[in-house]
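# What the coordinates show
Residue-level listing of the chains:
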Amino acid sequence: MRLAIEHQTTRVGDNSHYIFGRKEFADNLKNIFNNTESGFVLAIDATWGAGKTSFIHQLIHELKTSEDLIPIYYDAFANDFSSDTFLSIGATIFSEVQNHFQATENSSKTKKQIEHLKKVTKNTAIELVKLGTNLAVKSITAGIVNNSDIEKLATKAFSSATFGTLELDLTQKFKAYENAKSNIQSYVSALESISVNNEKVVFFIDELDRCRPDFAVEVLEKVKHLFSAKNVIFVISYNKSQLSKIISNVYGVDEVDSLKYLEKFIHIEANLPLADHDDQQSSYEHLFDSFIREFNIQLPNHDEKLDNLKEMFVSLCLEKHLNMNSREIERAFSYVSFCFAALPKNKGEELFEFFLPAAMIKVKSNKFFKEISNGKFYEPLGNNVEHRWSYKFFKDFYSESLKQEASNVFYVSAIKEACGIVSIFKLPADEIVESKI
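Before going into details, it helps to say that this report is about the structure given with it. (Residues numbered from 1 in each chain as written. Predicted model: local features only at pLDDT ≥ 70, side-chain atom pairs only at ≥ 80, totals over all residues. Heavy atoms only, no water.)

## Looking at the nonpolar core
If you look at the biggest cluster of nonpolar residues, it comprises 53 residues, and the most contacted ones within it are Phe313 and Phe333. Among the elements of the structure, helix H11 (277-294), helix H12 (303-317), helix H13 (326-341), helix H14 (345-364), helix H15 (366-372), helix H16 (389-397) and helix H17 (413-422) are those that each provide at least two residues to this core. Looking at this core, the element that brings in the most residues is H14, giving 10 residues. Once residues within four sequence positions are removed from consideration, Phe313 is found in contact with Tyr284, Phe288, Ile329, Phe333, Leu356 and Met360. Of all hydrophobic cores here, the second largest spans 50 residues; its members include Ile72, Ile205, Phe215 and Val217. (Core = buried A, V, L, I, M, F, W, Y, C linked by side-chain atoms within 4.5 Å. Buried < 20%, exposed > 50% of the residue type's maximum accessible area, 1.4 Å probe, protein only. Helix = DSSP H or I, 4+ residues; strand = E, 2+ residues; numbered from the N terminus. Contact = heavy atoms within 4.5 Å.)

What follows is the structure, encoded as structure tokens:
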């Protein structure tokens, strides 16, 4: 039994596939990357939990088989501890470019270019530190900048700063600004020089809407200097609505102005495709099997019972019922794994078919969860009753274990027991998102 599962980067592979019918979209993107003659910025917009990160990692896995494309993944959320945005970006690019060419026959041809890229990355980062008077630079540097280099720079900056304000002399700032501009141009040239056979860097920026607000804006401000590089394609994955709110808060502007701000970074935007009914069915079946395996949930070898449970799970996920996305499904399985771990093995197996729907409902709507937590289901009256589908749905599925208490009420004791155990736990996201269905 596992209480947490691995990040998407470790779960993709040759045996994985795109869920929710996104294979065609991925193929379209690969064709664009291969056929374009210059760099551009593409934004992929999708709501929270729609599967942006999983899609990107599967796409990167496929792009790595090409010698002409160098896919690079940058997790803004994982890097927002850094106080030097450019250095974390530059270090990521350097490391992945070096890894790519070491794995190909072009390694010897690009060795000098890669070393030059390393040098200008360091120089550019230092000039930007000077410009920003950043006295506390700590970041992952991939061997590009030693801590001692940063410490010497910080000490020098501190000693020349005005007491009380730590502002550098105006002349020094002007010089730092000119040096930074020059070094950025040198960096772009160095990045272009690695493409000895017209290789393209495809730089994926993910989790901007989850990271520290000022860091999210800083990432955009820093990478815009690299947009002119003819061999670099940027793919920015975000929830546009959420990121625009972050920009509004950072700059104190309204939503219209924050969207205009975003427009200056993006050449073209695409929505992550939604699946049709058949793709949804097969994708939810895949997610069920995947999470059972990844959470290492051990169930009795009753194939017919498991098939019935999968059928219930798929139906509950559909838009007409709970309308679950992949992130919500993962959270539901997290609940189930904790419930299993809290009970003797036999008891967990006995209650699994009740744990899963209880957890799914809790993830989607705490109000709905409270309504069924006593194990009773009431046939709704009128046409506007929320969750009216649930009475017939669960009556059909639990027909062998329910107790009819009245003509319009039935009771499932195991649902009450399962809800009682599920309610013990609370995932952090429960306090952030309360979906309405």
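## Re the packing of aromatic side chains
For the coordinates displayed, the defined rule picks out 28 aromatic pairs. Measuring from centroid to centroid gives 5.4 Å for Phe25 and Phe55, while their planes differ by 25°, and the two rings are stacked. Linking Phe25 in helix H1 (residues 23-35) with Phe55 in helix H2 (residues 52-63), this pair joins segments that are 30 residues apart in sequence. Taken individually, Phe25 and Phe55 each receive the classification buried, so the pair is uniform in this respect. For the ring pair Phe340 and Phe352, a centre distance of 5.7 Å and an interplane angle of 75° mean the geometry is edge-to-face. Remark: Phe352 occurs in helix H14 and Phe340 occurs in helix H13; sequence separation between them is 12 residues. Using a relative accessible area of 8% as the deciding quantity, one classes Phe340 as buried. (Phe/Tyr/Trp six-rings, centres within 6.5 Å; stacked < 30°, edge-to-face > 60°.)

## Focus on unusual backbone geometry
A positive phi angle is found at Phe20, which is not glycine, with a value near 60°. Structurally, Phe20 can be placed in the segment before H1. Despite not being glycine, Glu207 shows a phi value in the positive range, around 65°. Relative to the assigned elements, Glu207 resides in the loop between strand E3 (200-206) and helix H8 (213-223). For Glu207, a relative accessible area of 7% corresponds to the buried category.

## Here's the deal with a nonpolar patch on the surface
Taken together, the side chains of Val250, Tyr251 and Val253 make up a nonpolar region of the molecular surface, amounting to roughly 220 Å² of accessible area. Structurally, the position occupied by Val250 is in helix H9 (residues 240-251). Taking the relative accessible area as the measure of exposure, Val250 reaches 34% and is therefore partly exposed. (Patch = residues over 30% accessible without salt bridge, like charges linked within 9 Å, V, L, I, M, F, W, Y side chains within 5 Å. Areas by Shrake-Rupley, 256 points an atom, 1.4 Å probe, with all protein chains shown as cover. Salt bridge = Lys/Arg side-chain N within 4 Å of Asp/Glu carboxyl O.)

## Concerning the sheet that holds strand E5 (residues 268-271)
Pairing in this open sheet of five strands is parallel, and the strands run E2-E3-E4-E1-E5 from one edge to the other. Bordering the open sheet on either side are strand E2 (69-75) and E5, each of which pairs with just one other strand. Between one strand axis and the next, the sheet turns by 20° as a mean value, whatever way the strands run. Across five bridges, the pairing between E3 and strand E4 (residues 232-238) is parallel. Looking at the pairing, Phe204 lines up with Val235 of E4. This element, H1, spans strand E1 (41-45), E2, E3, E4 and E5 of the sheet and lies at about 135° to E3. The strands touched by H2 are E1, E2, E3 and E4; relative to E2, the strand with the most contacts, the crossing angle is about 150°. (Pairing = 2+ DSSP bridges. Axes fitted to C-alpha atoms, helices over the stretch in contact; angles between N-to-C directions.)

## Focus on the sheet that holds strand E8 (residues 409-411)
Strand order in the open sheet formed by three strands is E6-E8-E7, with antiparallel pairing between adjacent strands. The sheet is open, and its two borders are formed by strand E6 (376-378) and strand E7 (403-406), each paired with just one other strand. On average, each strand axis in the sheet is inclined to that of its neighbour by 25°, with strand direction left out of account. Direction of pairing for E6 relative to E8: antiparallel, over a ladder of three bridges. Across the sheet, residue Phe377 finds its bridge partner in E8, namely Phe410.

## Considerations on the environment of Lys222
Among the secondary structure elements, Lys222 is positioned in helix H8. For Lys222, a relative accessible area of 15% gives the class buried. Residues Lys222 and Ile184, spaced 38 residues apart in sequence, show a C-alpha to C-alpha distance of 9.9 Å. When sequence neighbours within four positions are dropped, the list of residues in contact with Lys222 reads Thr85, Phe86, Ile89 and Leu128.

## A few points about the pattern of salt bridges
Taken as a whole and judged by the stated rule, the model has 14 salt bridges. A salt bridge links Lys30 to Glu62; its shortest N-O distance comes to 2.5 Å. A residue pair is termed long-range when its members are at least 10 positions apart, and Lys30 in helix H1 and Glu62 in helix H2 qualify at 32 residues. Residues Lys30 and Glu62 agree in their burial class; the two are buried. The salt bridge partner of Lys376 is Glu405, with a shortest N-O separation of 3.4 Å. Residue Lys376 is located in strand E6, and its partner Glu405 is located in strand E7; the two are separated by 29 residues in the primary sequence. Taking the relative accessible area as the measure of exposure, Lys376 reaches 26% and is therefore partly exposed. Under the relative-accessibility criterion, Glu405 is labelled partly exposed at 38%. One continuous salt-bridge network, built from bridges that share partners, spans Lys23, Asp27, Lys30 and Glu62.

Read these as layout, nothing more, since geometry by itself doesn't imply function.
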